[in-house]
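Letter by letter, the chains look like this.
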Amino acid sequence: MRDSIHPALRLKPFVAYKSINAFFQGVWGTAYVALMAPLPPEAFSLGPLAFSLGPLLVALAYSRLLNLHWFFRISVSVEVIALLSVLAVLLYPQSFLLAAGVYLGFQLALIFGNYLVRLETLVIAKESFKPVDIGKTLGALAGALFALGFYQWARTWLETEDTLVLIQYLHYPLLVVQLSNLSLLIASFDRDKFDQPL
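A. Broad picture of the packing of helix α1 (residues 11-35) against helix α5 (residues 96-111). Between α1 and α5, the shortest axis-to-axis distance is 10 Å and the interhelical angle comes to 130 degrees. As the angle between them shows, α1 and α5 are arranged oblique. For the pair α1 and α5, the sense of crossing is left-handed. Here Trp28, Tyr32 and Leu35 of α1 come into contact with α5, specifically with Leu98, Ala99, Val102, Tyr103 and Phe106. Its residues assigned to classes, the contact of α1 with α5 comprises eight nonpolar, no polar and no charged.

Put into structure tokens, the structure is as follows:
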């Protein structure tokens, strides 16, 4: 564990990124189950298989991946997958193809979860874990509360009980959140200092 933050990491935007990311997850998690409705139950058996094998393959590549260049690339890729999922919900009606694509994207992002946590531990100083974890917790709580309030407001404003319509409208603010997320992630790193040792 580091005694000081890696020089390539800018802590304030990174804490903001982790908070906004948790907010996104808190909101998006409320829609995820309904979006998966068109998938057959077998699909939910295949996901855990990929989730079990994928991290194994990533772990086997740790000797190549344990550096800031790959950490940054994979982090940005995960956020782009989330952005594409939001756009897909906004552009396409509820369908099997949408559900399958969102589920696949979610599984791909999960495959890199352990790797991203490992690298965060190598980059963040031990005294800086507290603001990161507090930010994540507060972000997730704010996201869940936002979703709750949004659904109540949208039911009245749209005069509908249609869950899929409500979820689609929820993705408009999520688009702004995810674009902010991606911008904060990019701002969190000084790529000129990636070659300094972990």
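B. Representation of the packing of α1 against helix α4 (residues 68-91) in the model. Put simply, α1 and α4 touch, their axes get as near as 12 Å, and they point 40 degrees apart. Regarding the angle of α1 to α4, the classification is oblique. The two elements α1 and α4 cross, and the hand of that crossing is left-handed. Only Glu79, Ala82, Val86 and Val89 of α4 make contact with α1, whose side of the interface consists of Tyr17, Asn21, Phe24 and Leu35. Grouping the constituent residues of the contact of α1 with α4 by class yields six nonpolar, one polar and one charged.

About the cut-offs
- Residues numbered from 1 in each chain as written.
- Predicted model: local features only at pLDDT ≥ 70, side-chain atom pairs only at ≥ 80, totals over all residues.
- Heavy atoms only, no water.
- Axes fitted to C-alpha atoms, helices over the stretch in contact; angles between N-to-C directions.
- Helix = DSSP H or I, 4+ residues; strand = E, 2+ residues; numbered from the N terminus.
- Parallel < 35°, antiparallel > 145°, perpendicular 65-115°, else oblique.
- Left-handed = near helix turned anticlockwise from the far one by under 90°.
- Contact = heavy atoms within 4.5 Å.
- Nonpolar A, V, L, I, M, F, W, Y, C, P; charged D, E, K, R; others polar.

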